[in-house]
There are 4 protein chains.
Amino acid sequence: MIKAGIIGATGYAGAELVRILNGHKEVEIVWYGSRSYVDQNYADVYRNMFQIVDAKCMDDNMEALADQVDVIFTATPQGFCASMMNDAILSKAKIIDLSADYRIKDVAVYEKWYGIKHESPQYIEEAVYGLSEVNREMIKHARLLANPGCYTTCSILTAYPLAKEGVIDMSTLIIDAKSGTSGAGRGAKLPNLYCEVNENIKAYGVASHRHTPEIEEQLGIAAGEPVTLNFTPHLIPMNRGILATEYATLKKQVTYEEVKAIYDQYYQKETFVRVLEKGVFPETKWVEGSNYVDINFQIDPRTNRIIMMGAIDNLVKGAAGQAVQNMNLMFGFSENEGLNMVPMFP
Amino acid sequence: MIKAGIIGATGYAGAELVRILNGHKEVEIVWYGSRSYVDQNYADVYRNMFQIVDAKCMDDNMEALADQVDVIFTATPQGFCASMMNDAILSKAKIIDLSADYRIKDVAVYEKWYGIKHESPQYIEEAVYGLSEVNREMIKHARLLANPGCYTTCSILTAYPLAKEGVIDMSTLIIDAKSGTSGAGRGAKLPNLYCEVNENIKAYGVASHRHTPEIEEQLGIAAGEPVTLNFTPHLIPMNRGILATEYATLKKQVTYEEVKAIYDQYYQKETFVRVLEKGVFPETKWVEGSNYVDINFQIDPRTNRIIMMGAIDNLVKGAAGQAVQNMNLMFGFSENEGLNMVPMFP
Amino acid sequence: MIKAGIIGATGYAGAELVRILNGHKEVEIVWYGSRSYVDQNYADVYRNMFQIVDAKCMDDNMEALADQVDVIFTATPQGFCASMMNDAILSKAKIIDLSADYRIKDVAVYEKWYGIKHESPQYIEEAVYGLSEVNREMIKHARLLANPGCYTTCSILTAYPLAKEGVIDMSTLIIDAKSGTSGAGRGAKLPNLYCEVNENIKAYGVASHRHTPEIEEQLGIAAGEPVTLNFTPHLIPMNRGILATEYATLKKQVTYEEVKAIYDQYYQKETFVRVLEKGVFPETKWVEGSNYVDINFQIDPRTNRIIMMGAIDNLVKGAAGQAVQNMNLMFGFSENEGLNMVPMFP
Amino acid sequence: MIKAGIIGATGYAGAELVRILNGHKEVEIVWYGSRSYVDQNYADVYRNMFQIVDAKCMDDNMEALADQVDVIFTATPQGFCASMMNDAILSKAKIIDLSADYRIKDVAVYEKWYGIKHESPQYIEEAVYGLSEVNREMIKHARLLANPGCYTTCSILTAYPLAKEGVIDMSTLIIDAKSGTSGAGRGAKLPNLYCEVNENIKAYGVASHRHTPEIEEQLGIAAGEPVTLNFTPHLIPMNRGILATEYATLKKQVTYEEVKAIYDQYYQKETFVRVLEKGVFPETKWVEGSNYVDINFQIDPRTNRIIMMGAIDNLVKGAAGQAVQNMNLMFGFSENEGLNMVPMFP
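All figures in this text were calculated on a predicted structure; none of them were measured in a lab.

**Digging into the domain arrangement of chain A**
Residue and element names in this part refer to chain A.
- Under the domain assignment used here, chain A contains domain 1 (2–126) and domain 2 (151–313).
- Using only C-alpha atoms to locate each centre, domain 1 and domain 2 end up separated by 27 Å.
- Contacts between domain 1 and domain 2 engage 14 residues on the former and 14 residues on the latter.
- For the pair domain 1 and domain 2, the two sides together bury roughly 1200 Å², of which 50% comes from carbon and sulfur.
- Where domain 1 packs against domain 2, one counts two salt bridges.
- Taken together, the elements giving at least two residues each to the side of domain 1 that touches domain 2 come down to α1 (12–21) and α6 (107–114).

**A short note on the sheet that holds strand β6 (residues 128–129) of chain A**
All names here are of chain A.
- Strand order across the open sheet formed by seven strands is β3-β2-β1-β4-β5-β7-β6, with parallel pairing between neighbours. Across the chains shown, the open sheet's two edge strands, defined by having one partner strand only, are β3 (57–58) and β6.
- The pairing of strand β1 (residues 2–7) with strand β4 (residues 71–74) spans four bridges and is parallel. Across the sheet, the residue bridging to isoleucine 7 is threonine 74, located in β4.

**A look at the sheet that holds strand β3 (residues 57–58) of chain D**
All names here are of chain D.
- Strand order across the open sheet formed by seven strands is β3-β2-β1-β4-β5-β7-β6, with parallel pairing between neighbours. Two strands lie at the open edges of the sheet, namely β3 and β6 (128–129), each paired on one side alone.
- Its contacts with the sheet put helix α12 (residues 316–331) on β1 (2–7), β2 (27–33), β4 (71–74), β5 (94–97) and β7 (144–146), and the angle it makes with β5 is roughly 160°.

**Some details on the pairing of strand β8 (residues 174–179) of chain C**
Residues and elements named next belong to chain C.
- Burial of β8 is extensive: six of the six residues sit out of reach of the surface.
- The side-chain alternation of β8 yields two buried faces, one formed by Ile174, Asp176 and Lys178 and the other by Ile175, Ala177 and Ser179.
- Sheet topology note: the β8/strand β10 (residues 230–235) ladder contains six bridges and is parallel. In the strand pairing of β10, aspartate 176 is matched with threonine 232.
- Pairing of β8 with strand β11 (residues 242–249), which is carried by six bridges, proceeds in the antiparallel orientation. Directly across from lysine 178, in β11, lies its bridge partner leucine 243.

**A short note on the UniProt feature "active site" (unreviewed entry) in chain A**
Residue and element names in this part refer to chain A.
- Look at the UniProt record and you will see "active site" (unreviewed entry) annotated at Cys150.
- Assignment of secondary structure puts cysteine 150 in helix α8 (residues 150–164).
- On the basis of relative accessible area, cysteine 150 is assigned to the buried category, the value being 14%.
- Ignoring any residue separated from it by four or fewer positions in sequence, one finds cysteine 150 in contact with His211, Ile242, Ile312, Asn314 and Gly318.

**Describing the relation of the copies chain D and chain A**
- The transform that puts chain D on chain A rotates by 180° and translates by 0.0 Å along the axis, for an RMSD of 0.0 Å. Both chain copies can therefore be described as sitting about a two-fold axis. Residue proline 237 of chain D, judged by its C-alpha, is the member of chain D lying nearest the rotation axis, at 3.3 Å.
- When you check the interface residues of chain D against chain A, 100% turn up at the interface there too, and the contact is symmetric in its surfaces.

**Remarks on the nonpolar core**
- Core analysis: the biggest nonpolar cluster contains 106 residues, and Tyr42, Phe73 and Met327 of chain A together with Tyr42, Phe73 and Met327 of chain C have the highest contact counts within it.
- Core analysis: the next-biggest nonpolar cluster, separate from the first, contains 105 residues, Val128 of chain B, Leu276 of chain C together with Phe50 and Ile139 of chain D among them.

**Examining the environment of methionine 58 of chain D**
Residues and elements named next belong to chain D.
- When you line up the elements, methionine 58 lands in strand β3.
- We classify methionine 58 as partly exposed; its relative accessible area is 32%.
- Dropping the residues within four chain positions of it, methionine 58 is found in contact with Trp31, Tyr32, Gly33, Ser34, Arg35 and Val38.

**Some thoughts on the UniProt feature "domain: Semialdehyde dehydrogenase NAD-binding" (unreviewed entry) in chain A**
- The sites that UniProt annotates as "domain: Semialdehyde dehydrogenase NAD-binding" (unreviewed entry) are residues 3–142 of chain A.
- With 32% helix and 17% strand, the stretch residues 3–142 of chain A has end C-alpha atoms that lie 17 Å from each other.

**A closer look at the pattern of salt bridges**
- Scanning the model with the defined rule gives 76 salt bridges over all chains in all.
- Glutamate 214 of chain B is the partner of arginine 103 of chain B in a salt bridge, and the nearest nitrogen-oxygen pair spans 3.1 Å. With arginine 103 of chain B in the loop between β5 (94–97) and α6 (107–114) and glutamate 214 of chain B in helix α10 (residues 211–223), the pair connects residues that are 111 residues apart, well separated along the chain. Considered together, arginine 103 of chain B and glutamate 214 of chain B belong to a single accessibility category, that of buried residues.
- One salt-bridge network, held together by shared partners, links Glu16, Arg19, Arg240 and Asp313 of chain A.

**Notes on the packing of helix α8 (residues 150–164) of chain B against helix α11 (residues 256–267) of chain B**
All names here are of chain B.
- Running from N to C, α8 and α11 point in directions that differ by 110°, and their axes come no closer than 9 Å. By the angle between their directions, the pair α8 and α11 is classed as roughly perpendicular. Of the two possible hands of crossing, α8 and α11 adopt the one that is right-handed. Packed against α8, whose contacting residues are Leu157, Thr158, Ala159, Tyr160, Pro161, Leu162 and Lys164, the element α11 presents Val259, Ile262, Tyr263, Tyr266 and Tyr267 at the interface.
- Looking at the contact of α8 with α11, its residues break down into ten nonpolar, one polar and one charged.

About the thresholds
- Residues numbered from 1 in each chain as written.
- Chains lettered and ligands numbered in written order.
- Predicted model: local features only at pLDDT ≥ 70, side-chain atom pairs only at ≥ 80, totals over all residues.
- Heavy atoms only, no water.
- Domains from an automatic or database assignment.
- Contact = heavy atoms within 4.5 Å.
- Buried area = accessible area lost by both parts, 1.4 Å probe.
- Salt bridge = Lys/Arg side-chain N within 4 Å of Asp/Glu carboxyl O.
- Helix = DSSP H or I, 4+ residues; strand = E, 2+ residues; numbered from the N terminus.
- Pairing = 2+ DSSP bridges.
- Axes fitted to C-alpha atoms, helices over the stretch in contact; angles between N-to-C directions.
- Buried < 20%, exposed > 50% of the residue type's maximum accessible area, 1.4 Å probe, protein only.
- UniProt positions renumbered as here; feature names shortened; annotations may be inferred.
- Least-squares fit on C-alpha atoms with pLDDT ≥ 70 in both.
- Core = buried A, V, L, I, M, F, W, Y, C linked by side-chain atoms within 4.5 Å.
- Parallel < 35°, antiparallel > 145°, perpendicular 65-115°, else oblique.
- Left-handed = near helix turned anticlockwise from the far one by under 90°.
- Nonpolar A, V, L, I, M, F, W, Y, C, P; charged D, E, K, R; others polar.

Structure below.
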C-alpha cells in the first residue's frame, strides 16, 4: 500500500483520479490538494463522493506533500509543476504530472505554444513521456512522468503503428478531433455554460491548439522524421469522450489485412487498446468511464488515403486512467490494477 | 463461485447486469439469453463489451437454463417470467425477476394495471419483494425474488421512514418523478428517438402508470393502512437517473432535527442510502453508475408539508444493482460485493 | 413605427426580445443597453445576430433613453428598475419591466422574498401585472407594466380557470415545475456549466423560490381568497422550456367534459393558449421558440385530484414573447404582431 | 398566392417545409402527403402544429396532386420521385425534389452509390441542381429542381469560391462533417434512439457516404476538373446543425486578406451566406432555425493548408429552407420571402 497526494484534486481530471484510485487496492490518497477549496470537505466540492471520501482539501504545498507520500499527481494548470519542481521533491516522491510541463522535449517549442517561460527546464530531459503502451519500459523506471494530453493520447495511439511502420505519408496527416466538454475543465467561463455548448458544435484553436506540437513530436519519433500536421479540435455537447478522425495518404497500396496485421502486431496484447472488427467504427460511448482506446480504420482506394479513427474517455485514458496505468508501471503493480472499469452503456 | 444466467440480457437492464456482474468476484455469467439476438455475439449487440464478454446470445429456454445455473435473472417483458415459472425451475435455481410479475400481492390489482392475465399466481405468495434495505431478512431466504421497479425503488425509499413512523398523512402523498430515457428500454419506437426526447420534457402515464399500485402496496405496508396516491412520471432528456419529488402533509409539527433523526435511524447503517446534509438536495448525477440512493427533505412551515426528494440511477439501484444486492443477500455474499462503483462525475 | 430601448439586452431574455422584435413590423430597436458590454458590437456578444443587428451596446442610462424611445424594456436584475424609476421617465416612455420589481403588490412580501429594499414602492400600485390573457384590458392602459416571471406565467395560466371557477381546493395546490437552463441566465457560474447540468436533474429553491409569492398572489386574486402553496422548481438539461405539473383536490366531483368546458370558456378564443385534446399531455418541444402555452389536465377519480399540466418556452411566453404581447396591447397593435412564430420541431 | 403540395410531409424535412411555408405570404399548402399517416390529422403527427395546421394527411398520388397545385415538394426516400415522374406531371406543376434522384448528372454514378436503378433518367439532364447561390439564373427557369443534400450544401458552399478561383489543390480536399441527428430522419431505428446517440459521437459511412459523389460533381464543375475527395460524416448528439471542417493544400502562398476578398466577391451580396470576421469560427447554434450558412477559414502557414469551416441548419438551408429559396426563385418571388427567421439562441 502506497500513499498518494493529488495537487489539483478538484478539477475534473483530479476528481477522476479520486474516483479511480478509490477502487485501487494498492493506493491510499492522503492529500486532496486544492488551492481554491482549502479546508473545505472534498465531498462538498464533489457531492458524488459523499460518504466515500472523508477528507478536507489541502493547500498546494508540494514540498510538504513529498515528505508524506510515495507519489504525487499534479493535475494543475500549465507552469505550476515546473515552477515547483526541485531535486528534493524528486528524491522523495515519484511525480506524475498531468499538465504539459514536461511533455515536450524542446523547451523553445513548449514556451512558444504555451506562451509561458519554463521554470525548470533542467528536468525535461529526465522526464518520461507517459504513453503507457509506447514507453512502457522507460515508464517503469521513471521518477518524473509527463502524462500525455487527452487529445494527444487518442491522436497518437490511433496513428502510431502506421507511422512507425512507414505505411502513411506523414506530411499528409490531418487530425480532426472531437471532444466532450469536460476537457474544458471546471472553470466558470461563459463559453462552457450549458446553454452555450448544448445543441452546438464548433471548431476551436484551429491551427493553433497546444496539443499540436506534442502530437508532432511523438509521431515524429515513431516515424523517424520530423512531422508537421494539422490538428483541429471541436467541442461536442457531451460530458466525456474524444473521437479522433485522422486522414493520411498511403505510401503504397496496402490491403485491409495488411494494415490490420500491423495494428494487431502493436496492440493485440494490449489490455486497453481494442482494434475493432472490420467495418465497425469507434464510438465514444463504448469506452465511457473506462481506460480503453478503441481504434479502427478504413482504406479509401478512390483517394489512396486511409482514414483512422480512435476513441477514448478523455478523463480516463486521456488523463486520470493513464496516470494510474503509469503509476502501476512505476511501482510494479499489475498494469491494469484499478482500471478494470467496464465501459458504461448507455 | 456461482453460475448465473440472464434472460433478456440485451435490454438496458440486462446489459447493466452484465456490466455489474463482470466486476463481481463470486459470479460467472454462463448464459446471455436474448430471443432477438440468438447466436449473435453479445459484444456485437453491446460493443462496449468487446473483448470483455466473449459469448453468444442464447434463446430463452428457462428450463434448460435452470439445470446449468445457480441463479436466473429475468429482465424480460411483463408476463414472461410468470408464464415460465414452475416447481422444477424453482427447485433448481434461485430466480430474480426484474419484471413486475411477482411484485404485487393482489393478483387482481396486477391484472388490472398490467392488462394481462397472471399465468402462475400460485407463486406470488412465496415471492419476496426485493427492496433490499426493507426486506433484507426475508430476501436472504427467498428462492423467488421480485425485484422492485425503478420508479418504485426511488419513490418508496424516499418516503419509507416517514410513512413507517407515521409522520406524514398518507392520504396527501403526491409523487412527481422524473426519469432518464433508458427507463423506456431499447425498443426502436418513435417517441424514444433522439430528436423526440432531446430538448423536451413531458409527463406520461398520468394517473395511470403501472408503478403506482406497487408504490401504494409497499408504502401501505409501511404505514399500516391502505394508501392511494398520485404518481406522475416525466421523461427527461438524459440517459440515466430518476429523481422523485414527494409531497405530503405533516401529521403534526416536527423539526428538521426530528425528521433527520428518523431518516438516520433507518438509513445511517445502510451502505447504499445516503441522507444528505441539511439544505443539500439530491441530484441524479451524484449517483450515476452507482447503487446509491440519495435522499433529503425540506419542511415547509407555510403549508405544513414536507417535500422529500430521492435520486437513484434507474439502471443500477433501480434495476440491475439492486438485483445484484439481492443476489448477494440470497447467497450469503457480502451485500455490497460488486457494487462498490463510485458515482461518475461528470 | 415606434422606437424601443432594451436595458439588459445581452441577457438571454434581452436577446430573445431582440430576436422577436426583429420580426415586428411596428417597432424599431434603437438602444441595446448592456452595462457589461458597453461599446461592443451587439453581434459580437450574440453572433447569431451577425449581419442582422448592426449596433453597439449602450450604457444603462434610463433617463436619456426615455427621451429617445416610446417603450423601454428592462431585462435587468431585481431592484434595478425600481431604483431607476421616476415620474419623468414614466411621463416620457412606457415601461415594460421583465424583472420582479413591480409584480407583487405587497411591498413587504417583495422585500422578504427578494431580500432587498424596494426603492420606489410608490409606483407598485400603478403597475399592471402583465399576464396578457388575464389582465388584457388593464394592460391596454398601462404605462408601467410588470411582466410576469417564467415559472409564474406557466403555473398561473395552467390553473387559472379552475381557480377562478372554484373547481379546486386552493389549499391543496402543489406545483412541481421543470425548467430548461436558459432560465438561469447567462452568468458564468459553476452550477450552470455544461458538465454540471448535462445528464442531471435536481430540485432547487425548495419551499423558498421567489416565484412562489407571485403565483400565490395572482391565483389568490383569481380564487378570491388568500392562497398558500408549494412550488418546487427543477433544473432540466435542455436550453428552453418549462413544464408545470400541478396537483389539486377537486372541490366536488366533475367530469372531463365539465372541466374541459371551463378551460375552453377561458381559452378557446385565445391565440396563444392551446388546450390540448383529451389524453394528450403538453411537451415543451411543441411550444419551443413560440409564444404558445399548451395546457391539459387529467382527473384521477382514485384520489379525487386533478393533475393540470402546462408548457411554455420560458424565453418567449415566459419572458420576451409575453413582453411583446403586452407591448402590442399597450400600443394598440394587433396582439399577435411579431409573435406568429411556429414552434420549432425537432 | 400559389398552391403547394408536399409529398413526404411527415418526415423532419417535410415538417420543416410546413413550418417555413406557414410564414410565407405567397404560398398555401393544400396537400400534406404522407403514406404512413393517411387520413390522420397532420397536427396529430406533429403536435407543435396544433391549431396551426388544420388538415389531414393524404396519400402519395403525385398525378392527382399535380392537377391541384403549382408546386410539388417531394421529401421522400431515394427513388420515389424518379419512379413517379412523367411529362404530364412536369407540364402541370413545378417539382422541387428534396431527394437525391436528380442531383447527379451521371446516372451510373447515382445507381452505384445509391444501389438502386434510376427509373426516369430521361429527366436528369433537364433537372437543375438547386444550390441557390450558385445556380440562381438556371433555377429561375427550372421546372424540375434537384434540391441539394444537407451535407453537400454545407460542404460545397464552404469551399466553392476557393475551388472556383483555383486557390486550393482539389486533389488534397478532405471534408470532415458533423451533423445533428435530425439528418437521420424520423424512422424508428435503434441507432437513432436517444440513449444510443446521447453522450456519444461516431463516424459513419466512412469513405462510402452517398453525398460524396454529389459534392465531387459540383466542386468539380466549379474547379473545372474532376474531383475525388474524402468525405466523412459524424453523428452529433444535437437535433439540428451541420458543421463541415474542410482541409486543402494551397496552390500558392496567399494572405488572409486575399482569401477573404475572394469569399467576399462571391458572398458579400448574398443574404444567406455570412463570411464571419477574422478569427471567428462558425458554430451551428448561430444559424439554428435559419437559412444562413456561416463560413470562415484559417490559413496554416506551417502546413501550407487552409482550413475552411461552414455551418448550416441541416433542416433549413440543408433542406426545406433552400427548397423554399429555390421556389421563390422559380416563381419570381422575393428570394428571401418566408426565410427571414432570426437564428434562435440559445
